[in-house]
Each structure stands twice: as structure tokens, then as C-alpha cells.
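Residues per chain, in single letters:
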Amino acid sequence: MALPAGDQRQLGEEVLAQVERERIRYVHLQFVDIAGIVKSVTIPSHELADCIDNGKWFDGSSIEGFARVAESDMFLKPDLSTFAVVPWQRSETANARVLCWVYTPNGEHFPGDPRVVLRRALSEAEQLGFSFYAGLEFEFFVFGLDDTDGPQPPPQDRAGYFDHSTDVTAYLREEMVSALEDLAIPVDSSHHETAGGQHEIDMKYAGALTAADSAATLKYAVKAIAQRHGLHASFMPKPLLGVAGSGMHVHQSLFQSGGQQNVFYSQDDPYGLSDIAKHFIAGQLYHARGMCAINSPLTNSYKRLVPGYEAPVYITWARINRSGLIRIPKFSPANARGARIELRCPDPSCNPYLALAVMLKCGLDGVRRELPLPPPVEENLYQFDRKRLKQREVELLPSSLGEALEELQHDGIVQEALGEHVYQRFLEAKQLEWDDYRKQVTPWEVRHYFPLY
């Protein structure tokens, strides 16, 4: 997937010319840790040429899931195709950002780099003749700030789904979208979501690595724009009791490598799905519980994954049923490229590189093994009792991070997608998080139990 040497040289010259033309003072070398948090090393722009040729060394021992102290030295190499000027700083000291690959001292790609994890999965798909495409939908809340700069509920507005006249933060969302477009991240649409203060920005379909890069940048950009207005944008899955949480629905399809044919499409199927698409869906359903800790990685994620708020908890698929795990969006038969599936369980706290890698790997496992797709369930599953769920053989997603981690430890395909380094570091970090969480005494427990016992 690397550019030929000649193309890299030309792109390097173009980037350096842009730096001079736009009087860029600083360049942020960005990468993400295993938790999906954007990290950055900032260099003066006059150091960029050397960085392009030789990389920039940094200490990885303090980065979540990267390296222990004894193996901490590593270096960043810019992926110049991601270079962009930071739009909200154009009128100030001009800055730019570029996403980077992480390397070990011996010049090999660092196995703990989430971009490497996704690239490895994409290479596997290419060996089977497929290219993986994804479109991500991000939901988030906007809160005011108190005197300590902490988020201050209630949310910033009281508008509802698709509202416009009462959406006082519509201007803010427009500014966020403009910033993303300036960062070369095409946006499909944006709107107000169901809960007060809740918004959605949907990215255009793209190759999976580009989609993951855009997702990491989207969260960083949305937070920065909100902060400049004295507000706080939160991608926490369930920040408020009694209202819908925030999801990150992922639209997916496979294309022929290097071609225009969407291999998910079949004109002979009532859902428009090919056998490959059905096996791919079956693979994701089969591994849904094992994927859950990656797609929903916080203890708070499981406050969202409960019945009643359109967040999926049932491992089923359908076309019109939003209570199921995988939905088949409508598309015009005249536009076969639009055939896709929508996985609805991920939330925006996940690492997009790891999430897309495990989705692809699990889908391909279904294709390789030609797993049969169970019948769709179009009924509203929230109205099913336990007996009826059992009769329909409907399984549920894990109900806690602890349960999801147990499932992860029993799913070899998800582990293989992550690689040994990322799997072990992710598991260690999340087990510590779960152990700490379950020891907490919450205000709810004090309020309900203290007067009685």
C-alpha cells in the first residue's frame, strides 16, 4: 500500500512547497494509541524535510499500550497523503498536521500501531481479491462548561431529531463540517440527533484506512471547534441518564480489488445481497460477542447497549428493524455500488482502526468458511420476552465490559486481527479498567441502600 519511491518524492516536494506557500510555522506529527486517543509530536516546519527523510524519534513508554520502558525508543514517519493545514488556526500561527506510521528502532512497522493493525487486515482482504470500504456515522453531545472547564450538563440545546429552528448550535455544527472539509474529510450530511444537545456527522464512504484516519481526525477536530466556543463535545457513549446514547454506526462493503464492482450486490436476492455479503454478515454475527470489547470498549458503553433506546443488543440482522445488530440500508438497484451493511453496535469511544480491522477479519472469516446466514428478524425485538427470544434463538451482546472481555479471550479470530502485541496490551488495560470500575461505590447505591441497610 506504500507509494512508489518516485511518487513519495514528488508528494514530499509538494508538501514542502505548501508549507512555504502557506507560511506554516509548526507541524503536528499525529498518531493514535491503542485506546484510539490522538497523540502528537510538534516540530517547527523547518524540521519537516529531515522528518520526511529520517523520521522523528520519540519515547513510546508512556503511550497507552505502546512499549515498556526497556523497549521505548521508536520513531514516526509521516504519511504525506494525510498532510493538511489546521483550518481553525489559519488566521493565527499557521499549523498543519500529518498522520504518521510508527516504526521500531530496526526500521520495522511497530506492531502496536493501530494503523498497522488495520493495514494488515486490508492486505489479507486484497489477497482474497477484495477492497474494504466503510462509511462512519458519529453521534456526540455538546455541553456547556462550568468555572472549572468541566462539562456542565444539561446539554447546550433542547432540540430533537432533525430539528432546525430550535437547534441553537446549528452554526457550531456547520463550522465543524467546514473544518472537516478543509481537512480533506468529505462529509455526507449532518443533523441534530434525538436527545437535547446531541448531534450527528456522517462521513462519506471511503477506503477503510482513509475512513479510520478521517474518524480519528473528526473527533480531534470536533472537540477543538467546540472548545474554541467555550463548549465541550463529548463522544462518551452514554453521558446522560434517560436519553439515547451516542453510537458510531459503520456502513461496510467489499469491492473487487482495483475495480468498480461491489461484490455485496446481487440483483437476484430480495435484499440485494450476494452470497459473499451473506457470508460476511454471518461472520460478523458469529463473532459479534467477541468483537464487542473492541467496538464498545468502555464500562460506560454498556449503559448505552440496553433495550429501549435504538441501541442494538440482539445479534440479528434485518432491513427495517433498527433493534437488530446489522441493518441492510435501502439502495437503488440502479446504483449497485450502494449495496452495503450497517453494523450498529460500535460507539464513538472505540479505536476506529482496531474496530474496522476486527469487523473485516470477522466478515472474511464468514466468507472463507461460507457460514450460513440465519433468517432475518424484522419484528421489534424490544417487545420480545426471554421466552420468545429463546424460541427464535436470538443471542444478546455482552451486558458489561467484563463479560465482553471474557468473550474476547475466547475468540481467536478477533485476537488474530489485533495481533499478539495489541491484544495483550488492550486486554491488560481494559481488565484494569473493569476491576477499578466494579470496586466503585456509586451515588445510586448510596441513595438506594444506605437508608435501608
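This report concerns the structure included in the present document. Since the structure is predicted, the reported quantities are computational estimates derived from the model, not experimental observations. (Residues numbered from 1 in each chain as written. Predicted model: local features only at pLDDT ≥ 70, side-chain atom pairs only at ≥ 80, totals over all residues. Heavy atoms only, no water.)

1. Describing the overall build of the protein chain
A count of helices and strands for the protein chain gives 13 helices and 16 strands. In terms of overall dimensions, the protein chain is globule-like: its C-alpha atoms have a radius of gyration of 22 Å, near the 22 Å expected for 453 residues. Taking the principal axes of its C-alpha atoms as reference, the protein chain extends roughly 65 × 55 × 50 Å. Taking as baseline every contact in the protein chain between residues at least 6 positions apart, the subset at least 24 positions apart corresponds to 69%. Carbon and sulfur atoms make up 50% of the accessible area of the protein chain, which amounts to about 20,900 Å² in all. Across the protein chain, the 44 positively charged side chains and the 60 negatively charged ones have centroids separated by 3 Å. (Helix = DSSP H or I, 4+ residues; strand = E, 2+ residues; numbered from the N terminus. Rg over C-alpha atoms; globule rule 2.2 N^0.38 Å. Contact = heavy atoms within 4.5 Å. Areas by Shrake-Rupley, 256 points an atom, 1.4 Å probe, with all protein chains shown as cover. Lys, Arg positive; Asp, Glu negative; His and termini not counted. Charge placed at Lys NZ, Arg CZ, Asp CG, Glu CD.)

2. Examining the packing of helix H3 (residues 114-127) against helix H9 (residues 352-369)
Across the interface, H3 lies against H9 with an axial gap of 8 Å and an inter-helix angle of 20°. Accordingly, the angle class assigned to the pair H3 and H9 is roughly parallel. With respect to the hand of their crossing, H3 and H9 are arranged in left-handed fashion. Residues Pro114, Arg115, Val117, Leu118, Ala121, Leu122, Glu124 and Ala125 of H3 lie in contact with H9, whose contacting residues are Tyr353, Leu354, Leu356, Ala357, Leu360, Lys361, Leu364 and Arg368. Broken down by class, the residue content of the contact of H3 with H9 amounts to twelve nonpolar, no polar and four charged. (Axes fitted to C-alpha atoms, helices over the stretch in contact; angles between N-to-C directions. Parallel < 35°, antiparallel > 145°, perpendicular 65-115°, else oblique. Left-handed = near helix turned anticlockwise from the far one by under 90°. Nonpolar A, V, L, I, M, F, W, Y, C, P; charged D, E, K, R; others polar.)

3. What to know about the pairing of strand S9 (residues 187-192)
Here S9 runs beside strand S10 (residues 198-203); their pairing, made up of five bridges, is antiparallel. Bridge pairing links histidine 192 to histidine 199 in S10. In sequence, S9 turns back onto S10 through a hairpin of five residues, with glycine 197 there showing a positive phi of about 80°. (Pairing = 2+ DSSP bridges.)

4. Looking at a nonpolar patch on the surface
Residues Trp444, Tyr449, Leu452 and Tyr453 make up a contiguous nonpolar surface patch of about 560 Å² in total accessible area. Positionally, tyrosine 453 belongs in the segment after helix H13 (443-449). (Patch = residues over 30% accessible without salt bridge, like charges linked within 9 Å, V, L, I, M, F, W, Y side chains within 5 Å. Salt bridge = Lys/Arg side-chain N within 4 Å of Asp/Glu carboxyl O.)

5. Considerations on the packing of helix H6 (residues 275-286) against H9
The interhelical angle for the contact between H6 and H9, taken along N-to-C directions, is 120°, at an axis separation of 7 Å. By the angle class used here, H6 and H9 are oblique. In this structure, H6 crosses over H9, and the sense of that crossing is right-handed. Between H6, through Ile276, His279, Phe280, Gly283, Gln284 and Tyr286, and H9, the contact on the second element is made entirely by Met359, Leu360, Cys362, Gly363, Leu364, Gly366, Val367 and Arg369. Its residues assigned to classes, the contact of H6 with H9 shows eight nonpolar, five polar and one charged.

6. Let's talk about the environment of lysine 39
Counting through the fold element by element, lysine 39 comes out in strand S2 (residues 38-44). Separated by 149 residues in sequence, lysine 39 and aspartate 188 have C-alpha atoms that sit 27 Å apart. Ignoring anything within four residues of it in the chain, the contact list for lysine 39 reads Leu29, Gln30, Phe31, Asp33 and Ile63.

7. Looking at the environment of alanine 233
With respect to the helices and strands, the residue alanine 233 is situated in strand S12 (residues 231-234). Put simply, alanine 233 and glutamine 261 are 28 residues apart on the chain and 38 Å apart in space, counted from C-alpha to C-alpha. Contacts of alanine 233, omitting those with residues within four sequence positions, involve Phe140, Phe141, Val142, Val222, Lys223 and Ala226.

8. Things to note about helix H11 (residues 401-408)
Every buried residue belonging to H11 is among Leu401, Gly402, Ala404, Leu405 and Leu408, and all of these are buried. Down the axis of H11, the buried side of the element spans an arc of 160°, and every buried residue falls inside it. Buried residues in H11 make contact with helix H7 (288-295), helix H8 (301-304) and helix H12 (412-438). (Buried < 20%, exposed > 50% of the residue type's maximum accessible area, 1.4 Å probe, protein only. Arc of directions from axis to C-beta.)

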